Amino acid sequence: MITTASSRLYGRALEVMPGGCSRNTILRKPHPIYADWAKGCYVTDVEGQNRIDFANNVASLIHGHCFSPVVNAVRKQMGRGSAYTVGTEEEIEHAELLVSRSESFEKIRFVNSGTEAVMTCIKAARAFTGRGMIAKVEGSYHGAYDHAEVSQTASPQNWGSIDAPASSAVSRGTPDATLNDVVVIPFNDLERSLAILDAYREQLACILVDLIPHRVGLIPANSTFIEGLSKWAADNGSLFVVDEVITYRTNLNGAQANYNIKPDLTALGKMIGGGFPVGAIAGSAAVMDVMNPLSNQVLFPHYGTFNANPITMTAGRVAMRAFDEAAVISLNQLGDLARQQLSEAISAADVAACVTGAGSMFRLHLKPIAPRNYREAYLSPKLRVCLGKLLEHCFDNGLLMIETGAGMLSTPMTTVEIEKLTEVIFTGLKKIKPQLDEAHSSDLNRLEN
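Report follows, based on the coordinates. (Residues numbered from 1 in each chain as written. Predicted model: local features only at pLDDT ≥ 70, side-chain atom pairs only at ≥ 80, totals over all residues. Heavy atoms only, no water.)

## Structural notes on the environment of threonine 85
The line we're drawing: Secondary structure elements follow DSSP: runs of H or I of four or more residues count as helices, runs of E of two or more count as strands, with numbering from the N terminus. Burial classes follow relative accessibility: with a 1.4 Å probe on protein chains only, a residue under 20% of its type's maximum area counts as buried, one over 50% as exposed, and anything between as partly exposed.
Among the secondary structure elements, threonine 85 is positioned in the loop between α3 (68–78) and α4 (89–101). For threonine 85, a relative accessible area of 85% puts it in the exposed group. Distance in space between the C-alpha atoms of threonine 85 and arginine 339 is 47 Å, their sequence separation being 254 residues.

Dropping the structure here:
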């Protein structure tokens, strides 16, 4: 049996970590690869293999790897200190920058991940409204907090009726009380959603939405759905909470700029940390004030040892300053090109597939028509095997992709990388075409019977 540097590292990892890792996204068969170094949009592993990075640590590296302005600023800050029990000007400057970018950001507070940001938004909504329940979209991913993860892995076996989607658990042992406190609504279906929400109008603290939910299919929400939910929340004493942990990259001031809304709270993360762990909660001053430690009555005491640490604040501020309007426009245009060329590759390969996305994001679907919601995006077991084969082909031919078939662009990328992406996807689709055709035929027969 041939051993490699990565297989040897994985053998060591298995001895000390469940599954040999701390994040499941690194796993692949027969073992994960391990990075040696990276620069720009390329990653080189410990075997010396070089790949274009279309995962970018799941959308957190907007400028790719080792972005010189961030490296230089962090190196300087490291020489001054990495964390203190006193404040820093870096926190204030980063807060000023982010608040200046979005109309709905009147105040902001930092945490250490997108999961924390969403969790804190939910707790702030409860504190502000005095209510305990939340509503969220079926299949939407909002991190690992118990209430936020409800229904994110729903399947035909447990997702219930489209008129009343079930609150299904992700983790064994999730309390029934947690499931009972989460109302699940179908994506992009305002009529059904409002009928569901009306039954809980006096109990809901907030409606939590992702405007371009990755796990639902990376499909932009339609304005009727988002603006209708926002209005319902305002009319019924609930808060409207937007998860822009991933989608904030799509405009200078986030995906929310595409709608006539002003969210009460927004959860941020990923790219606003410049490559370091980060999260943030931004929103109206009135709602954010539930965390104000100077209030006569603090409704939601909020702490965190590494919140707003100066390394993350420095890296995030430098990265976001560089992601100005010109950079956003340029990267989104490259995203348009990627989706266009991928669509052309799908047509040339003559396979039942399509591409969705927005801004600098794309997702491949092994479906003939773009899905409109989580249930339509859901892959049967045979189609999941086909997607795995396609992603394996991408990996073997120099591309790093997200396991859903999605990709996130970074500013170092050019048309050269998009051409390579298109070429590899085309050859991969041709390779899996017989298996894909059989999977679609099997699914069609199953539905007809």
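## What to know about the side chain of histidine 65
Going by this rule: Two N or O atoms count as a polar contact when they lie within 3.5 Å, although within protein this holds only if one can serve as hydrogen donor and the other as acceptor, and sequence-adjacent residues are included solely when both atoms are side-chain atoms. A contact between two residues is defined here by any heavy atoms of the two lying within 4.5 Å.
Relative to the elements of secondary structure, histidine 65 occurs in the loop between α2 (56–59) and α3. Residue classification places histidine 65 among the buried residues on the basis of a relative accessible area of 16%. Only 2.7 Å separates the side chain of histidine 65 from the side chain of aspartate 53, close enough to count as a polar contact. If we ignore the near neighbours within four places in the chain, the residues touching histidine 65 are Ala38, Lys39, Gly40, Tyr42, Val43 and Asp53.

## Thoughts on the pattern of salt bridges
Applicable threshold: By definition here, a salt bridge exists when the distance from a side-chain nitrogen of Lys or Arg to a carboxyl oxygen of Asp or Glu is within 4 Å.
Applying the stated criterion across every chain yields a total of 14 salt bridges. Between lysine 433 and aspartate 437 there is a salt bridge; the shortest N-O distance is 3.1 Å. Of this pair, lysine 433 and aspartate 437 both sit in helix α14 (residues 415–448), four residues apart, which is roughly one turn of the helix. Given the relative accessible area of 21%, lysine 433 is considered partly exposed. One network of salt bridges, in which partners are shared, links Asp163, Asp189 and Arg192.

In short, shape yes, function no, at least from these values alone.
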